[in-house]
Structures are given as C-alpha cells and as structure tokens.
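Fold and contact review
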There are 2 protein chains.
Amino acid sequence: MLFFTQCFGAVLDLIHLRFQHYKAKRVFSAAGQLVCVVNPTHSLKYAPTRCAAAAQESTEQGVLPPCHHHEAVHDPQLVPCTCPLFSCPWEGHLEVVVSHLRQTHRINILQGAEIVFLATDMHLPAPTDWIIMHSCLGHQFLLVLRKQEKHEGHPQFFATMMLIGTPSQANNFTYRLELNRNQRRLKWEATPRSVLERVDSVISDGDCLVLNTSLAQLFSDNGSLAIGIAITTSKVHSSEAEM
Amino acid sequence: MLFFTQCFGAVLDLIHLRFQHYKAKRVFSAAGQLVCVVNPTHSLKYAPTRCAAAAQESTEQGVLPPCHHHEAVHDPQLVPCTCPLFSCPWEGHLEVVVSHLRQTHRINILQGAEIVFLATDMHLPAPTDWIIMHSCLGHQFLLVLRKQEKHEGHPQFFATMMLIGTPSQANNFTYRLELNRNQRRLKWEATPRSVLERVDSVISDGDCLVLNTSLAQLFSDNGSLAIGIAITTSKVHSSEAEM
C-alpha cells in the first residue's frame, strides 16, 4: 500500500513537473496564473447560408432581417445568440445567455481576475474564432479572438472582450489584453462593450486589439498565441494624467 | 516703465495660459511632459524615380541595387542617409548621422526621458511621414511615424523608434510608445532597432506599432495623434514573469 501511495505520488509529481514544463514552454510568463488552452473553431459565420449573411443581404434590399427583427421591436433586453461561431436562431434574456453559450455551444467558462488565454493553431486559415467565457468580479465576459480577412489575402487577428450585460454595466469595467514575447510587449486596455452591441460590429469598427500576421507570428510560440487577460472595476482612465 | 513691465508680464501670462490651454486641449495627459508638435511631410520615398524603388526593382531583377551597394562592401559602419523622407545620396559614419539629419533634413531633436510626440494632420493621404530625433540617456533616437498603404485603399500607421547607433548598443534599451484616449490605451514596448537596419525594413516586416485608420481615429483629437514616448536602459523583458 505504501509502495502504491509512493508510486502515485511520484506520478503526480511527474504530471506536475510536466505541466510546469508545458506552462513554462508555452506560456513563459504565466507564473501563478491560470492558463487556458483554447482550440480554434472554423467560423461558419461568413458562409452564404448564414443567418447574419441573409440578414445583411435583406437589409441591403430594404427588407427587415429575418433573424433579428424581433429584438428592436419587442424587448431591447432580448439578446440574439451572442456566440459568433454558429448560425443560431436562439434569443433570450441576458440572464440566460451564459447557460445557453455553455450548454448549446460548449463554450468554456473560467474563473479568476487574471488568466492566460492560449490560442492554438494560429496558422489555420481565416475565418477562425477562439472563444471563451471569463467569470470575474461577479460578472461574465466573453473573450473572442478572430482571424479574418478584411482585405483579401491578408488575414488579421482581432481580439476583444465583451460583458454579458448591459452597456451601462460594461462602463464600470476595464479589460486589458497583453502580449509579451521576443522582447516585445503589446497592451490594449479599454472598456468592454456589451454583448448587446454585437461582436461583429466591434470587429468591423476595428475598436479592439488588432494584429497583422507578422506581429501575430512575433508573439506566437510554436503556433500558439498567449494573451494575458485582466479585468478591473476601477475607472483607470480617469487618471489619464499619469500617461 | 512700470506700466510697460506690467503689460509685458500680462502678455506673458496670457501666452502661458494659452499654451497651457493648447497643451490641455491637444495633449490631455501631458502633465509635466515635453510636448513636441510634429508636422507631416509628404514622403517622396515611393515615387518611381526614387533610389529605393529603383533598388527594389533591380533586386527583383537580380541586379545589385545602384544606391546602397557600397555600404556592405566597404564599411559596415558607413550609414546611407537614414532619413526616410528624401532621396539622399549621403553616406557617413554613425557619429555624424545626427548632424546630417539636423542640418540637411531639418529634423528637430528633443531632450528628455519622456516626451509627447504630437503628430498633426493625420488625415493627409499616404505616403506621409512624421519624424523627430530624441536625445536621451546619452544617445540619439529617431522616431518615425509613417502613413502607408500596404493594401491599396487601406492606409495604416506604423510607428517605430530606432537608435542612431549599432545593433549591439540598441540592445541595451527599451522604448515605449503609448496612445491614451477615449477610454482606450495601447502600449507598444520593444528593443529599438539600429538605424543600420533601415526604417523601411522594420516597417515592411511589421515589427512596430501598427494602427489601422479606425484605431488612429479613436486615438486622435482634432486630427492630431499624441504618442507618449519613454526610453529606459533596463532590460525590462528579463522580468517577463510579471506579465
């Protein structure tokens, strides 16, 4: 029995060491932070059969979009599915968005004020999304990293964090995304947008962290990109004088 | 005489107030920092008659570039003119680059560890450059902000800082560029490159702060972009564990 316990302990130690090595190798600066490996999903968003595409087409033709025309008319708190990955006809109140994203779309949720988001397989062709939820300070946030070609043949990476809550709730927070590798550091700090303003709008406005392919490569390690994430409640930007 | 002195004092006060107002209005976070207004220069770099264009064409055809083939053959310390604005046939040793840039190209030089670079008229069409020299920690640095269209119809802004010195000297420094406005903050930290590696290469590699037009607009105030600049000697990146 003692032998078994010792063996088990040694195996645990080995697993621990290996995990440490893995962390040290893939996320060099993740000391004491939760590292979350996020696998990509090829985005179906831009396929011509998509609801969003159909909505856009019909709007261009002056017809009301078939999927989202309820939201403005009936209840501004009724959210169409915020998951940017799939054509999803679901609509619901903000309070049940998180459980919908977890259950229907299997998006993971992580706890903690500071986490490391490790996006794998950055080389995959656009459009591709990396998505996770982040539970922190009593609220849930949605982190989206998207690889998209705004200009044909030139994919870019867009990263943003959105509050699963109202715009006025979102104004109480600041989020920070940080890349740190190869003697370079890039930090983006902003007030999160609400999921009521859709991910697509934020990315098409370019109001997020934007990386071209060469910068993404400089910050990547072995095809994976580690993004340090921190959320605070304080109004950091009122102290802009300390720039 | 007393009346004259008082009048003069009042005028000085007014000028001072106006300058304070100007600073407060245009560079909100410049408390105690030196603000330098940098006017744009339409870049002639990309005109078809330019040496660089000719060099690129001839390189593509497998011919040695006509302008820079001396530098590698004769003396690696001999620097072709580092000013990215003009077709300049000048070549010289690193020690006299600063005086050449000041005297021939009228590029200003500023003192101080932290300065604010205020680039005006950001709306001007690409290609446009904003350039200044920065004297700090016993060395001179060249700050270049360039508006350029890598993809036709989609101008981007590229900002980098280079040491007027050798690559091994450059390795002792870290520079930081910071944008801060509209509840958004973007920071880029890196080791400066040496002017011996040319500005064009750094920008075409994308190894610098890159802004698309929408981000540049978010950070601009009334057509001007304020970039906070700081240079340190410490090897900040050895402490990457604190990310």
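Since the model is a prediction, treat every value here as computed from it, not as a measurement.

1. Quick word on the overall build of chain A
A count of helical and extended segments in chain A gives seven helices and 15 strands. Going through the 243 residues of chain A one by one, you find that 51% of them count as buried. Across chain A, every contact between residues at least 6 apart in sequence was considered, and the portion connecting residues at least 24 apart equals 61%. Summing over all exposed atoms, chain A offers an accessible surface of approximately 11600 Å²; the carbon and sulfur share of this is 57%.

2. Observations concerning the nonpolar core
Considering soluble globular proteins, one finds that nonpolar side chains tend to be buried as a cluster. Of all hydrophobic cores here, the largest spans 114 residues; its most connected members are Phe117(A), Leu145(A), Phe117(B) and Leu145(B). When residues no more than four places from it in sequence are discounted, the contact partners of Phe117(B) are Cys36(B), Val38(B), Trp130(B), Ile131(B), Ile132(B), Leu143(B), Leu145(B), Leu225(B), Ala226(B), Ile227(B) and Ile229(B).

3. Points about helix α4 (residues 97–105) of chain B
Think of an α-helix as 3.6 residues a turn; residues three or four steps apart then line up on the same face. Residue and element names in this part refer to chain B. Three or more residues of α4 are buried, namely Val97, Val98, His100, Leu101 and His105. The arc enclosing the buried residues of α4, seen along the axis, measures out at 165°, which places them on a common side. Packing partners of the buried residues in α4 comprise β3 (78–80), β4 (91–93), β5 (109–111), β7 (128–136) and β8 (139–151). Of the residues trailing α4, Arg106 is marked for its positive phi of about 55°.

4. Overview of the environment of Gly92(B)
Within the element layout of this structure, Gly92(B) appears in strand β4. Here the alpha-carbon distance between Gly92(B) and Ala226(B), two residues 134 residues apart in the chain, equals 32 Å.

5. With respect to the UniProt feature "domain: Seven-in-absentia protein TRAF-like" (unreviewed entry) in chain A
Feature annotation in UniProt assigns "domain: Seven-in-absentia protein TRAF-like" (unreviewed entry) to the following positions: residues 135–229 of chain A. Span residues 135–229 of chain A is 19% helix and 57% strand, its end C-alpha atoms 12 Å apart.

6. Describing the environment of Val210(A)
Mapped onto the elements, Val210(A) comes out in strand β13 (residues 209–212). In this structure Val210(A) comes out as buried when scored by relative accessible area, which is 12%. Between the alpha carbons of Val210(A) and Arg146(A) there is a distance of 9.7 Å; along the sequence they are 64 residues apart. Residues contacting Val210(A), with those up to four places away along its chain left out, are Gln156(A), Phe157(A), Phe158(A), Asn212(B) and Leu215(B).

7. Notes on the packing of aromatic side chains
All names here are of chain A. Per the stated rule, a full pass over the model turns up six aromatic pairs over all chains. Arranged with centres 6.3 Å apart and planes meeting at 45°, the rings of Trp130 and Phe157 form a pair that is tilted. Here the residue Trp130 occupies a position in strand β7 (residues 128–136), and Phe157 occupies one in strand β9 (residues 154–163), the gap between them amounting to 27 residues. Comparing Trp130 with Phe157, the two get one shared label, buried.

8. A word on unusual backbone geometry
Residue and element names in this part refer to chain A. Residues Ala126 and Pro127 are joined by a peptide bond in cis, for which omega reads -5°. Summarising the element assignment, Pro127 is placed in the loop between β6 (114–119) and β7. The backbone phi angle of Asp121 is positive, close to 55°, even though this residue is not glycine. Counting through the fold element by element, Asp121 comes out in the loop between β6 and β7. One non-glycine residue with positive phi stands out, namely Leu137, at about 55°. Within the secondary structure layout, Leu137 lies in the loop between β7 and β8 (139–151).

9. Section: the side chain of His105(A)
For His105(A), the position within the fold is in helix α4 (residues 97–105). Relative accessible area serves as the criterion here: at 10%, His105(A) is assigned to the buried category.

10. As for the environment of Ile107(B)
Here Ile107(B) is to be found in the loop between α4 and β5. Ignoring any residue separated from it by four or fewer positions in sequence, one finds Ile107(B) in contact with Cys83(B), Leu101(B), Arg102(B), Ile131(B), Ile132(B) and Met133(B).

11. Description of the pattern of salt bridges
Following the criterion strictly, the structure yields 18 salt bridges over all chains and no others. Here Asp205(A) makes a salt bridge to Arg193(A), at a shortest N to O gap of 4.0 Å. Placement of Asp205(A) in helix α6 (residues 199–205) and of Arg193(A) in strand β12 (residues 193–194) is noted, with a sequence separation of 12 residues between them. For Asp205(A), a relative accessible area of 41% corresponds to the partly exposed category. Put simply, Glu178(B) and Arg176(B) hold a salt bridge, and the shortest N to O gap is 3.6 Å. Its relative accessible area of 2% is what places Glu178(B) among the buried residues. Residues participating in the shared-partner salt-bridge network are Arg184(A), Arg193(B), Glu197(B), Asp205(B) and Asp207(B).

12. Observations concerning the confidence of the model for chain A
Residues and elements named next belong to chain A. Averaged over chain A, the pLDDT score is 74; the fraction of residues at 70 or greater is 66%. By mean pLDDT, helix α2 (residues 51–60) is the weakest element of chain A at 35, and strand β11 (residues 184–190) is the strongest at 97. Both scores are given for the predicted complex: the pTM is 0.72, the ipTM 0.71.

13. Things to note about the pairing of β7(A)
Residue and element names in this part refer to chain A. Taking burial as the measure, the nine residues of β7 include nine buried ones, the bulk of the element. Burial along β7 is two-sided: the residues Thr128, Trp130, Ile132, His134 and Cys136 and Asp129, Ile131, Met133 and Ser135 are all buried. Strand direction decides the pairing type here: strand β5 (residues 109–111) and β7, joined by three bridges, are parallel. Note that in β7 the partner of Leu110 across the bridge is His134. Looking at chain direction, β7 and β8 are connected through nine bridges and run antiparallel. Across the sheet, His134 pairs through a bridge with Phe141, a residue of β8.

Calculation notes
- Residues numbered from 1 in each chain as written.
- Chains lettered and ligands numbered in written order.
- Predicted model: local features only at pLDDT ≥ 70, side-chain atom pairs only at ≥ 80, totals over all residues.
- Heavy atoms only, no water.
- Helix = DSSP H or I, 4+ residues; strand = E, 2+ residues; numbered from the N terminus.
- Buried < 20%, exposed > 50% of the residue type's maximum accessible area, 1.4 Å probe, protein only.
- Contact = heavy atoms within 4.5 Å.
- Areas by Shrake-Rupley, 256 points an atom, 1.4 Å probe, with all protein chains shown as cover.
- Core = buried A, V, L, I, M, F, W, Y, C linked by side-chain atoms within 4.5 Å.
- Arc of directions from axis to C-beta.
- UniProt positions renumbered as here; feature names shortened; annotations may be inferred.
- Phe/Tyr/Trp six-rings, centres within 6.5 Å; stacked < 30°, edge-to-face > 60°.
- Salt bridge = Lys/Arg side-chain N within 4 Å of Asp/Glu carboxyl O.
- pLDDT = per-residue confidence, 0-100.
- Pairing = 2+ DSSP bridges.

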